[in-house]
Amino acid sequence: MPVSVAIDGPAGAGKSTVAKKAAAVLGFTYVDTGAVYRSVTFFCDRAGVNKDDDAAVSKALEGLSADISFKDGAQHVSVNGEDVTDMIRTPKISSLTSFYAAKPCVRAFLLELQREMARSRDVIMDGRDIGTVVLPDADVKIFLTASPEVRAKRRYDELRAKGENVSFDDILSSVNQRDRQDSERSAAPLKQAEDAIYLDTGDMDIDAAVQRVVDIVRNEVCK
Ligand code: DC
């Protein structure tokens, strides 16, 4: 049976970086589920779907097929055959995705695709509801988090390093807003699974967090 590791947590906790590196160490496939939510959002937005009209969103989903594939180890997502991997990381798509991800029809649409990914390979899958909804029987569940201030500071440093003139307070308020949107929605809200291991990366650098995840997986799977 393939091994599945679920890593959930809020935006900006470093989940994807840590999960990707831990997967490489363990020889597992890293699956970024946020990317499929982003892709569907991107597609609906570009098609001019009215995001406030759930019936219109459901209708749009009927004509849509999303797919995850891997090229040279990197995950690609495509919608109706078009690779949208590079177009889904804008701030606009980030905030719009958190709106679309709250819709039960969108979550139901993407559920089977995510489960399918874990059927035939060892995976580390990251998201918000992997341990609670998508893979409730995952072999290992980790809730990876850090305080809003730590997450905002990391984002601030990252953008400043790129030469962007951003304000820390603006970033902190968008982190808090995304947290609220993701945890207060009624459909599969972000919350720690009862059997998940809590990992606060506030005082860890990336390498320390990766090592911790690798140790947890080895411990849990080899028990
Ligand atoms: O991890 P990310 O920032 O790429 O996620 C984008 C959005 O999608 C974020 O608002 C949370 C949502 N999401 C979700 O609701 N469930 C998942 N399994 C993954 C992401």
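Above this note sits the structure.
Computed from a predicted structure; not experimentally measured. (Residues numbered from 1 in each chain as written. Predicted model: local features only at pLDDT ≥ 70, side-chain atom pairs only at ≥ 80, totals over all residues. Heavy atoms only, no water.)

## Notes on the packing of aromatic side chains
Under the defined criterion, the tally for this structure stands at two aromatic pairs. Lying over the aromatic face of Phe-99, Lys-51 brings its terminal NZ or CZ to 4.6 Å of the ring centre. (Phe/Tyr/Trp six-rings, centres within 6.5 Å; stacked < 30°, edge-to-face > 60°. Lys NZ or Arg CZ within 6 Å of the ring centre and 35° of its normal.)

## Considering the nonpolar core
If you look at the biggest cluster of nonpolar residues, it comprises 34 residues, and the most contacted ones within it are Leu-110 and Met-125. Among the secondary structure elements, those contributing two or more residues to this core are α2 (34-46), α3 (54-62), β3 (66-71), β4 (74-79), α4 (91-100), α5 (104-119), β6 (123-127) and α6 (130-134). The biggest single contributor to this core is α2, with seven residues. If we ignore the near neighbours within four places in the chain, the residues touching Leu-110 are Val-36, Tyr-37, Val-40 and Ala-66. One finds Ile-7, Ala-23, Leu-26 and Leu-144 within the second-largest nonpolar core, a separate group that totals 22 residues. (Core = buried A, V, L, I, M, F, W, Y, C linked by side-chain atoms within 4.5 Å. Buried < 20%, exposed > 50% of the residue type's maximum accessible area, 1.4 Å probe, protein only. Helix = DSSP H or I, 4+ residues; strand = E, 2+ residues; numbered from the N terminus. Contact = heavy atoms within 4.5 Å.)

## Here we look at the pattern of salt bridges
By the definition in use, this model includes 16 salt bridges. For Lys-103, the salt bridge goes to Asp-54, with nearest N and O atoms at 2.7 Å. Of the two residues, Lys-103 sits in the loop between α4 and α5 while Asp-54 sits in helix α3, which places them 49 residues apart along the sequence. Under the relative-accessibility criterion, Asp-54 is labelled partly exposed at 41%. A salt bridge links Lys-71 to Asp-83; its shortest N-O distance comes to 3.5 Å. With Lys-71 in strand β3 and Asp-83 in strand β5 (residues 82-83), this pair connects stretches of sequence that are 12 residues apart. According to the relative accessible area criterion, Lys-71 is partly exposed, its value standing at 45%. (Salt bridge = Lys/Arg side-chain N within 4 Å of Asp/Glu carboxyl O.)

## What to know about unusual backbone geometry
Positioned with a positive phi, Asp-72 is a non-glycine residue whose angle comes to about 50°. With respect to the helices, strands and loops of the structure, Asp-72 is situated in the loop between β3 and β4. For Asp-72, a relative accessible area of 85% corresponds to the exposed category. Backbone geometry places Ala-188, a non-glycine residue, at a positive phi of 45°. By the secondary structure assignment, Ala-188 is in the loop between α8 (168-184) and β8 (197-200).

## With respect to the sheet that holds β4
The three strands lie next to each other as β3-β4-β5, forming an open sheet whose pairing is antiparallel. Two strands in the sheet have a free side with no partner beyond their single neighbour: β3 and β5. (Pairing = 2+ DSSP bridges.)

## Here's the deal with the packing of α2 against α4
Two quantities define a packed helix pair, namely the angle between the axes and the distance from one axis to the other. One way to put it is that α2 packs onto α4 with a least axis distance of 9 Å and a crossing angle of 100°. One way to sum up the angle between α2 and α4 is to call them roughly perpendicular. Across the interface between the two elements, Tyr-37, Arg-38, Thr-41, Phe-42, Cys-44 and Asp-45 of α2 pack against Lys-92, Ile-93, Ser-94, Leu-96, Thr-97 and Tyr-100 of α4. Grouping the amino acids of the contact of α2 with α4 by side-chain chemistry returns six nonpolar, three polar and three charged. (Axes fitted to C-alpha atoms, helices over the stretch in contact; angles between N-to-C directions. Parallel < 35°, antiparallel > 145°, perpendicular 65-115°, else oblique. Nonpolar A, V, L, I, M, F, W, Y, C, P; charged D, E, K, R; others polar.)

## Section: the sheet that holds β8
What the five strands build is an open sheet, ordered β2-β6-β1-β7-β8; its pairing is parallel. The open sheet is flanked by β2 (29-32) and β8, the only strands paired with a single partner. Between one strand axis and the next, the sheet turns by 20° as a mean value, whatever way the strands run. Against the sheet, α5 engages β2 and β6, with an angle of about 155° to β6.

## Overview of the packing of α4 against α8
Between α4 and α8, the least distance of the axes is 9 Å, while the angle of their chain directions is 25°. By the angle class used here, α4 and α8 are roughly parallel. Both α4 and α8 take part in a crossing whose hand is left-handed. Contacts between α4 and α8 involve Ser-94, Ser-95 and Ser-98 from the former and Arg-178, Gln-181 and Asp-182 from the latter. Per-class residue counts for the contact of α4 with α8 are no nonpolar, four polar and two charged. (Left-handed = near helix turned anticlockwise from the far one by under 90°.)

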